[in-house]
Amino acid sequence: MTKKLVLLLLLFTCVLNAQHKTNIIAHLDSDKDLLSINQDLEIHNDSDVTWDYIILLDWANAFSSTETPLATRFAEDFKNKFQFANEEERGRTTITTDSNFDQHYRIERLDGQQDIIKLYFNEPLPPGTTRNIDLNYTVKIPEDDFTGYGKNSKGEYSLKHWYLHPAPFKDGAWDYYSHKDLDDFYGAPMDFSISLHIPATHRAISNITTVQEALPETRHSYLFTADHNRGVILHVLNDIDIFKTYSVPGVNIITDIDDTDVPLEMKVIFNDRIASFLQTRLGAFPEKDVFVSDRYYRENPVYGLSSLPSFINPFPAGFTYEIKMLKALSRKWVDTGIHVNPRDEAWIQQSIMVYLMMQYQQLYYPDLKISGKLSNVWGLRGFNVTQLKFSESYPLLYLNSARRNLDEAVNTPADQLVKYNQQLGIPFKAAIGLNFLNDYLEGSSLEKSIRDYYTANHNAYTDVSYLRKIVQQDASKDVNWFFDDYITTHKQLDWTIRNVHKTKDSVSFKIKNKSQLNIPVPVYLLDNDSIIGKRWIEGVRGDSVISLSRKRANRIAINYEKLITEFNPRDNYKTLKGFPSLNRPLEFRLFKDVEDPERSQIFLMPDIEFNIYDGLTLGTRFYNGNLLPKPLRYSIKPGYGTNSKKIVGSVSLSYAHPVQNREERLYQVRYGVSANTFSYADDLLYRRASGFLQFSYRPKDLRSNKRQSLSFRNVYVDRDRDPSSPVDEPDYNVFSMNFSHSDNNLKRVFNYNIGTEVSSKFTKATYRMRWRKLFKNNRQLDFRVFAGAFLSNNSQSNGDFFSFALDRPTDYLFDYNYYGRSEDSGLFSQQLIVAEGGFKSQLEPAFANQWITTANGSYSLWNYIHVYGDVGFVKNRDRDAKFVYDSGIRLNLLQDYFELYFPVYSNNGWEMGQDNYDQKIRFIVTLDINTFVKLFTRRWY
C-alpha cells in the first residue's frame, strides 16, 4: 500500500500546494440586471519563473458583441438568437480603474478574444511571492436563452462565469482559451469568500458552502466560502425551496432535479444507490456537499429520455428521475475529482462518466430496453430498435457519425469537434473503448485503475499520460493499442471473416482487419445463439489465419457481443452448416429500423409525392436504408397517380465511398444511377435516366462549413409527344460537368458554381454566385449573380426549351421540384425557383438563346420584410441585348423554404396598380421533408 502511494505521488508531480485567493463583494441590481463587484484577488506565484502579467478569464464579456469567439461559435452552429438579440439582452463586463490602479497595473484585452484579460504588473511578481489586486467592475447579465445561464423570463438568475478568474499557469506558460459554450471552464483553483447582496424578492444558493444568510426586509445578504475551488455558480431565485437536500452516506446531495410522480422515499433510495455506486467505482466525493442543479443537468442531458409525455412513460416507476440524477451526479463526481484540461482532453472525463452510466445500467437494469414497456406492445415489438438494450444505444449513436464519415479521433480538442461528436459521438466512442478494454483485460483491473486515478487526482492537474501509467501498471495484458490506436485515430474499425475451412473437429478461417489498426478482436464459436467459445485475437493489423477447435459449434463470429462498434458488422458471421448464402437470410421489414447484422433486410415505407398532373402519388418505397446511413443505397419507389391514373415512380442505386485520409481534402467519392418517370403535363409522361460521379471535398477541420464538389452527370430524357408542342425532338441526352464551392454559416453565405452542359443540340457554360451577409445591426444583404452563354446552339427548332430563362426555367433536366412545371397561368405557374435569371416579374424577352447576365439582390428592412431588386441583360440571336429590371417586397418567412415576393416596379411599370396583380405574386414553398430535416441537422454535422 505504501509503495503504491509513493508511486502515485511521483506520478502526480503537479499537485498544487498553494493557490490564489479571492474576496468578492457583489451587489445585484435586478432592475438593470447588473452585478456591481469589488474583487480582492490575491495572486500567488507558485511557479519557478517571474510573472510580468497574469491572465484573467472574463467569460462574462463573451456576450459583449457578435464578434466574440462565442458569437462566432453560435453562427457556425446556425444559432440565431444571439445574433438577433438587442444590446440589452446580451452581457458584458465593464472594468473601472483609478489613478492608484493605473499606477501599478495595465489591462489589455486580447485581440479576437474579448473575454481574456492580460493584466500587466508594473513590478514583476517573483516565484513564491504573493500580490493583492483590487478590482472594481460591473457585469451586465445576459438573457439565459443563449447558453442556459443568465436571466430567465421569471426574473431569476443562474450565474456562471460571472467574475474574473485567473487562468492556470502550467509548464512555464498561461493555459487559457475563450468561452465557446462547451461547458469547459478551465480556471486555476482558488479559495473563495463571496459576500452577495440581492433584492429581498430573491433568495440565493450556490455550489459552494453557505456560511451566513441574513434576510432583512430590505435586502438579503449571503456569505459563501470554498477552498481549492475552480468555479462558483450562483442561483438567485424567487424561491430556493425547490432545492432539496438528500443526506446519503458520505455526502449531502443538493438538487432541484425533481419528478412529482416519484415519492420522496424512492428519491432517497435512488440517490443513496447512485452515491454508493459512485463511491465504490470512483471513491469518496472530495467535498461534503454535491450540488447538482437542473440547469447543470440540462448542459449535458440524457438525449431523448424525456421525449415522450409522462402519461405514456414506458419506463419503470422513477427510472427517468434516477437516470437524470445518475447523469448529473456522475458528471459532477468526475468534474470535481478529475482535473484535466477540459477542452484539450475532455474525453477523459466524458469517457469515465458515460462508462459509469453503462456499468450502472448493466448492474441495475441489465434487461431494460430503450423503449421500456413499449418493447412488448403489438405493432412495436417487431422493430429491432424497440428491442435494443440501453447499453446498445451507445454504439448506435456513435455509429451515426462514423457512417457519415464524420468520425473523429477521441483525443480531438472539444472545440474542434463537430457538434454531434462533441455532444454524443466522441463521449460514447470513448466509453465504448473503456468497456471494450475492460472485457479484454478479463478482470477488475480497469475498475481499480479508474479508482486509483480518481483518488490521486483530487488536487492535481493531470493528463492522459498519468491515466496510461496507472492502467499499464494494473493490467496483465498489453494496453498500448488503446492509447496509441483507439483514441488517436478516426479510422473506422471493421473486421470480416473469409476463407472458412472446416473439418469435423476444427475450423480455420482468415480474419481481415480492414482498418489496419493494432486492436484486438474477440472471436466466438456459437451453437445457434449460444456462446461455446471465445478467444481474443491480438496483433492483427492485416490478414491472419486462425484455427480453433470446432467443439459443437455451427457458427463462427467476430465481435458477437458487440463490445466494439464496427463500421459494417454484417460480414462478421459464417455458418458451418448448409450453404454460405444462408449466412444472412433475406427479410422484409415495414418502416425504417435498426439493421440486423445477421440478416439481409429490405425496408418498406409508404411514400407520397405531389404534382398537379399526377395528383397525389401513392406508393411504397423499397430500400435498404435503415436508421443509420450506409455506403450502398438503393431505392425502388413505384406509385399510382390519383389524377393521372398511371403507374409512376423512381429507382436509384448509389455507392458513397468514404475517404478516411484526412490529410487529403477529398472526403467522399459517390457514384450511381437513377431513373424516374412522372407526368410533366396533362396525360404526358417523361422518363429520365441518369448516371453520375461526384468527388466531394471537405477541409481537414470538419467544423468548417466549407464544401467543394466536382461532379459529372449524364441525363437521358424521353418524353411523350405533345401534338400541340412545337418541340420536334422531345428525346435528348445531356452531359454536364460542375464544380461547386460553398461556405455557409449564419453570418455569411458564399457559394459559387461553374458548369457546362453538352448535347447534340447545344453546348453552354454557366456561372452562379450567391453571397449573403448578416451585418452587426442585424440587417441582411443577399446578392446573387448568374451568367450563362451558349457556346453552340442548334436548338432553335425546339423553341426556347433549352434556352436560359429569365424568371421560370424550363427545367429540361427535371432537377427542380415543380408542382406544375408546364403551367403558364394559375397558382402553380407562380411557383418561384431561384435559378438561372432569378427574376420575379414576368418580362419580355423571357428567354435567352445566346447569353444572359443577371444580378439579384435583397436587403432587410425589418425582421422578415425585405426589399428586392433584379437587373440583367438578355441577348437573343439577331437581336440587341435588352436591359431588364424588376423590384418589390420579399417576405422572407423561412429562408429558402417559405417566401413570398410582391412585385412593385419593373420594365412592365408599376405592377401593383395593374390588373390581376394577385397573379404576379410569386412564392417559394418546400414540401420535401428531407429538405426540412436538413434545416435542423446542419448545426449538428
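Below, the structure is looked at part by part. As the structure is a computational prediction, the values presented were derived from the model and not from experiment. (Residues numbered from 1 in each chain as written. Predicted model: local features only at pLDDT ≥ 70, side-chain atom pairs only at ≥ 80, totals over all residues. Heavy atoms only, no water.)

**Focus: the overall build of the protein chain**
So, point 1. Secondary structure summary: the protein chain contains 14 helices and 47 strands in total.
So, point 2. Against the globule reference of 30 Å for 941 residues, the protein chain gives a C-alpha radius of gyration of 32 Å, in line with a compact fold.
So, point 3. Counting only C-alpha atoms, the protein chain reaches 95 × 90 × 55 Å along its principal axes.
So, point 4. Expressed as a percentage of contacts within the protein chain between residues at least 6 apart in sequence, the contacts between residues at least 24 apart total 62%.
So, point 5. When the accessible area of the protein chain is evaluated, it comes to approximately 41300 Å², of which 52% is carbon and sulfur surface.
So, point 6. If you average the places of the 112 positive and of the 114 negative side-chain charges in the protein chain, the two averages end up 6 Å apart. (Helix = DSSP H or I, 4+ residues; strand = E, 2+ residues; numbered from the N terminus. Rg over C-alpha atoms; globule rule 2.2 N^0.38 Å. Contact = heavy atoms within 4.5 Å. Areas by Shrake-Rupley, 256 points an atom, 1.4 Å probe, with all protein chains shown as cover. Lys, Arg positive; Asp, Glu negative; His and termini not counted. Charge placed at Lys NZ, Arg CZ, Asp CG, Glu CD.)

**Focus on the pairing of strand 23 (residues 521-527)**
So, point 1. For strand 23, the buried fraction is high: six of the seven residues fall into the buried class.
So, point 2. Pairing of strand 23 with strand 24 (residues 530-537), which is carried by seven bridges, proceeds in the antiparallel orientation. By the bridge assignment, L525 is partnered in strand 24 with G533.
So, point 3. The turn linking strand 23 back onto strand 24 is made up of two residues, and N528 within it adopts a positive phi angle of 60°.
So, point 4. Pairing of strand 23 with strand 26 (residues 555-558) involves four bridges; the strand directions are antiparallel. Across the sheet, residue V523 finds its bridge partner in strand 26, namely I558. (Buried < 20%, exposed > 50% of the residue type's maximum accessible area, 1.4 Å probe, protein only. Pairing = 2+ DSSP bridges.)

**Thoughts on helix 5 (residues 264-281)**
So, point 1. Look at helix 5: 26 Å from first C-alpha to last across 18 residues, which is about the 26 Å you get at 1.5 Å a residue.
So, point 2. Here helix 5 has its buried residues at K267, F270, N271, I274, A275, F277, L278 and R281. Buried positions in helix 5, seen along its axis, are confined to an arc of 160° and lie on one side of it. Exposed and facing more than 90 degrees away from the buried side of helix 5 are E265, I269 and T280.
So, point 3. Backbone geometry just after helix 5 places G283 at a positive phi near 140°. (Expected span 1.5 Å × (residues − 1). Arc of directions from axis to C-beta.)

**Side note on the pattern of salt bridges**
Between side chains of opposite charge, pairing is possible as soon as their charged atoms come close.
So, point 1. Tallying each qualifying case throughout the model produces 48 salt bridges.
So, point 2. The partner of R203 in a salt bridge is E213, and the shortest N-O contact between them spans 3.0 Å. Remark: E213 occurs in strand 15 (residues 209-214) and R203 occurs in strand 14 (residues 203-206); sequence separation between them is 10 residues.
So, point 3. Judged by its relative accessible area of 23%, R203 is partly exposed.
So, point 4. Residue classification places E213 among the partly exposed residues on the basis of a relative accessible area of 39%.
So, point 5. Several salt bridges converge on common partners, so that one network encompasses K160, D183, E299, R331 and D335. (Salt bridge = Lys/Arg side-chain N within 4 Å of Asp/Glu carboxyl O.)

**Focus: the sheet that holds strand 5 (residues 105-110)**
So, point 1. What the four strands build is an open sheet, ordered 5-6-3-10; its pairing is antiparallel. The open sheet is flanked by strand 5 and strand 10 (165-166), the only strands paired with a single partner.
So, point 2. Across six bridges, the pairing between strand 3 (residues 51-57) and strand 6 (residues 113-125) is antiparallel. Bridge pairing in strand 6 links Y53 to Y120.

**Some points on the packing of helix 9 (residues 390-403) against helix 10 (residues 419-441)**
Helix packing for two helices is described by the angle between their axes and how far apart those axes are.
So, point 1. Closest axis-to-axis distance for the helix 9/helix 10 pair is 8 Å, and the angle between their directions is 125°. In terms of orientation, helix 9 and helix 10 fall into the oblique class. By crossing handedness, the relation of helix 9 to helix 10 is classed as left-handed. In this structure, helix 9 contributes Y394, P395, L397, Y398, N400 and S401 to the contact, and helix 10 contributes Y420, N421, G425, F428, K429 and I432. (Axes fitted to C-alpha atoms, helices over the stretch in contact; angles between N-to-C directions. Parallel < 35°, antiparallel > 145°, perpendicular 65-115°, else oblique. Left-handed = near helix turned anticlockwise from the far one by under 90°.)

**Quick notes on empty space enclosed by the protein**
So, point 1. Applying the stated criterion to the full structure yields 10 cavities of 30 Å³ or more.
So, point 2. Within this model, the largest cavity holds a volume of roughly 220 Å³.
So, point 3. Together, 20 residues line the largest cavity, and F63, T147, Y149, K160 and H161 are the ones closest to its centre.
So, point 4. Tallied by class, the residues present in the lining of the largest cavity amount to 10 nonpolar, five polar and five charged.
So, point 5. Every residue along the wall of the second largest cavity is listed here: E76, D77, V418, K419, L702, R703, N705, R938, R939, W940 and Y941.
So, point 6. Per-class residue counts for the lining of the second largest cavity are four nonpolar, one polar and six charged. (1 Å grid on protein atoms, 1.4 Å probe; cavity = no way out; pocket = protein on both sides within 12 Å on 5 of 7 lines; lining within 4 Å. Points joined across faces, edges and corners; volume = space filled by probe spheres on them. Nonpolar A, V, L, I, M, F, W, Y, C, P; charged D, E, K, R; others polar.)

**Section: the layout of surface pockets**
So, point 1. What the second largest pocket holds in volume is close to 1400 Å³.
So, point 2. E392, Y560, E561, K562 and Y573 are the residues nearest the centre of the second largest pocket, which is lined by 47 residues in total.
So, point 3. Of all the secondary-structure elements, those providing two or more residues to the lining of the second largest pocket are helix 8 (346-364), helix 9, helix 10, strand 26 and strand 27 (573-575).
So, point 4. Top contributing element to the lining of the second largest pocket by residue count: helix 9, with five residues.
So, point 5. By residue class, the composition of the lining of the second largest pocket is 18 nonpolar, 15 polar and 14 charged.

**Considering the environment of S99**
So, point 1. Tracing the chain through its elements places S99 in helix 4 (residues 99-104).
So, point 2. C-alpha of S99 to C-alpha of R451: the two residues are 352 residues apart in sequence and 52 Å apart in space.

**Concerning the nonpolar core**
Nonpolar side chains tend toward joint burial in soluble globular proteins.
So, point 1. Grouped together as the largest cluster of nonpolar side chains are 110 residues, with contacts concentrated most on I253, I352, L437, Y453, F482, F509 and I511.
So, point 2. Sorting elements by how many residues they give to this core places helix 10 first, with 12 residues.
So, point 3. Those residues in contact with F509, other than ones at most four positions away along the chain, are I497, R498, N499, V500, V523, S544, V545, I546, L548 and I556.
So, point 4. Counting 52 residues, the second-largest nonpolar core is a separate cluster that includes I116, L159, A204 and V236. (Core = buried A, V, L, I, M, F, W, Y, C linked by side-chain atoms within 4.5 Å.)

**Notes on unusual backbone geometry**
So, point 1. Cis geometry marks the peptide bond from E844 to P845; its omega dihedral reads 0°.
So, point 2. Mapped onto the elements, P845 comes out in the loop between strand 40 (804-805) and strand 41 (847-848).

**Some remarks on the packing of aromatic side chains**
So, point 1. Tallied over the full model, the rule gives 61 aromatic pairs.
So, point 2. Ring geometry for F315 versus F390: centroids 5.9 Å apart, planes at 50°, classification tilted. Residue F315 is found in the loop between helix 6 (294-299) and helix 7 (319-337), and its partner F390 is found in helix 9; the two are separated by 75 residues along the sequence.
So, point 3. The class of F315 is buried, set by a relative accessible area of 10%.
So, point 4. What makes F390 buried here is its relative accessible area of 11%.
So, point 5. Look at Y560 and Y573: their rings are 6.3 Å apart centre to centre, the planes differ by 80°, and that puts the pair in the edge-to-face class. Of this pair, Y560 sits in the loop between strand 26 and strand 27 while Y573 sits in strand 27, and the two are 13 residues apart along the sequence. The same class applies to Y560 as to Y573, namely buried.
So, point 6. Cluster of aromatic residues (ring-pair linked, three or more members): Y732, F762, F786, F790, F801, F802, F804 and Y812. (Phe/Tyr/Trp six-rings, centres within 6.5 Å; stacked < 30°, edge-to-face > 60°.)

**Structural notes on the sheet that holds strand 18 (residues 244-248)**
So, point 1. Ordered in space as 18-19-20, the three strands form an open sheet in which the pairing is mixed. What marks the edges here is a single partner per strand, and that holds for strand 18 and strand 20 (289-292). On average, adjacent strands in this sheet sit at an angle of 20° to one another, irrespective of strand direction.
So, point 2. Along the sheet face, helix 7 touches strand 18, strand 19 (251-255) and strand 20 and points at about 120° away from the line of strand 20.

**Some words on a nonpolar patch on the surface**
So, point 1. On the surface, a nonpolar cluster with roughly 620 Å² of combined accessible area is contributed by L861, W862, Y864, V867, L893, L894 and F898.
So, point 2. Those elements giving two or more residues to the nonpolar patch turn out to be strand 42 (851-862) and strand 44 (882-894).
So, point 3. Tracing the chain through its elements places Y864 in the loop between strand 42 and strand 43 (865-875). (Patch = residues over 30% accessible without salt bridge, like charges linked within 9 Å, V, L, I, M, F, W, Y side chains within 5 Å.)

**Topic: the packing of helix 5 against helix 8**
So, point 1. For the pair helix 5 and helix 8, the least separation of the axes is 11 Å and the interaxial angle reads 120°. One element, helix 5, and the other, helix 8, form an angle in the oblique class. For helix 5 against helix 8, the interelement crossing comes out right-handed. Touching R273, I274, F277, L278 and R281 of helix 5 are L356, Q359, Y360, L363 and Y364, all from helix 8.
So, point 2. Taken together, the residues that form the contact of helix 5 with helix 8 break down as seven nonpolar, one polar and two charged.

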